[in-house]
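The lines below spell out each chain.
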Amino acid sequence: MIEKLILKFHRLRFRLLYGYRKATKCHIYGNFSIIKPSNFMFGENLSVNDFVYINATNKIYVGDNVSLSAGAKLLSTKLNFSDDKNIFEHVSSNISIGDNVQVGSGAIILPGVKIADNVIIGAGCVVTKDIKVSGVYTGIPARKIK
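In this numbering scheme, every chain counts its residues from 1 along its sequence in written order. Predicted model: local features are reported for residues with pLDDT of at least 70 only, side-chain atom pairs are reported and counted for 80 or more only, and whole-chain, interface and lining totals are derived from all residues. Excluded from the side-chain calculations are hydrogens and water; all other atoms, namely the structure's heavy atoms, are used.

In the annotation of an unreviewed UniProt entry, the entry for the protein chain reads Acyltransferase, and the organism field reads Vibrio amylolyticus. UniProt positions are given in the numbering used here, feature names are shortened, and annotations may be inferred rather than shown by experiment. Turning to the protein chain, the UniProt annotation filed under Sequence similarities (unreviewed entry) states: "Belongs to the transferase hexapeptide repeat family."

Following this line, the structure appears as structure tokens:
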């Protein structure tokens, strides 16, 4: 009973962030976090599972029929370290995810990455570079296996 109430709360929160009409095309299956929701743009049939973290400091574009599995992270900002100055600086870049993409549980998409259509990203995978060809990707860093 309480689980259903909590799930309804998360769905309502998503609708409040993006408007009822846009959010009805999405499926929310649990708690999620979005930094700068105004920079997060998505197509139809988005699926967001438990504990998804979206840092949209820069723009994040997500196509149609995309599933973000439990614990997936989309990070549009990172920390760069400069040896010369001994200084840390935040660097942000857009992320683009095509249509028909499955982001596996615990996978991490780093800033500046573009992912093609029809891609499966395995659980725990770290995507550090563009994925230009459809297929199945796993590992740290992500490599095509199929």
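There's plenty left to go through after this.
Attention now goes to the overall build of the protein chain. Counting its secondary structure elements, the protein chain contains two helices and 18 strands. Buried, partly exposed and exposed residues are distinguished by accessible area as a fraction of the type maximum, computed with a 1.4 Å probe on protein chains only: under 20%, between the cut-offs, and over 50%, respectively. Taken across its 146 residues, the protein chain has 37% of its residues classed as buried. Accessible area for the protein chain stands at about 8400 Å²; split by element, carbon and sulfur atoms hold 55% of it. Secondary structure elements are taken from DSSP: a helix is a run of H or I of four residues or more, a strand is a run of E of two residues or more, and numbering for both begins at the N terminus. All accessible areas in this document rest on Shrake-Rupley with a 1.4 Å probe, and a residue is counted as covered only by the protein chains that are shown.

Spatial strand order, E3-E6-E11-E14: four strands in an open sheet with parallel pairing. Only two strands of the sheet have a single partner each, and these edge strands are strand E3 (40-42) and strand E14 (114-115). In short, DSSP must find at least two bridges between two strands for them to pair. Pairing analysis gives three bridges linking E3 to strand E6 (residues 60-62), with the strands arranged parallel. Directly across from Met41, in E6, lies its bridge partner Tyr61.

It is worth spelling out the sheet that holds strand E8 (residues 73-75) at this point. Across the sheet, five strands lie side by side as E2-E5-E8-E13-E16; this open sheet has parallel pairing. Only two strands of the sheet have a single neighbouring strand rather than two, namely strand E2 (32-35) and strand E16 (126-127). Where E8 lies against strand E13 (residues 108-109), two bridges are found, and the strand directions are parallel. Paired with Lys73 across the bridge in E13 is Ile108.

Omega for the bond connecting Ile140 with Pro141 falls within 30 degrees of zero, at -10 degrees, which places this linkage in the cis form. Topologically, Pro141 is positioned in the loop between strand E17 (135-138) and strand E18 (143-144). Phi is positive for Phe51, close to 60 degrees, though the residue is something other than glycine. Structurally, Phe51 is set in the loop between strand E4 (46-48) and strand E5 (52-55). Non-glycine residue Asn118 carries a positive phi angle of around 60 degrees.

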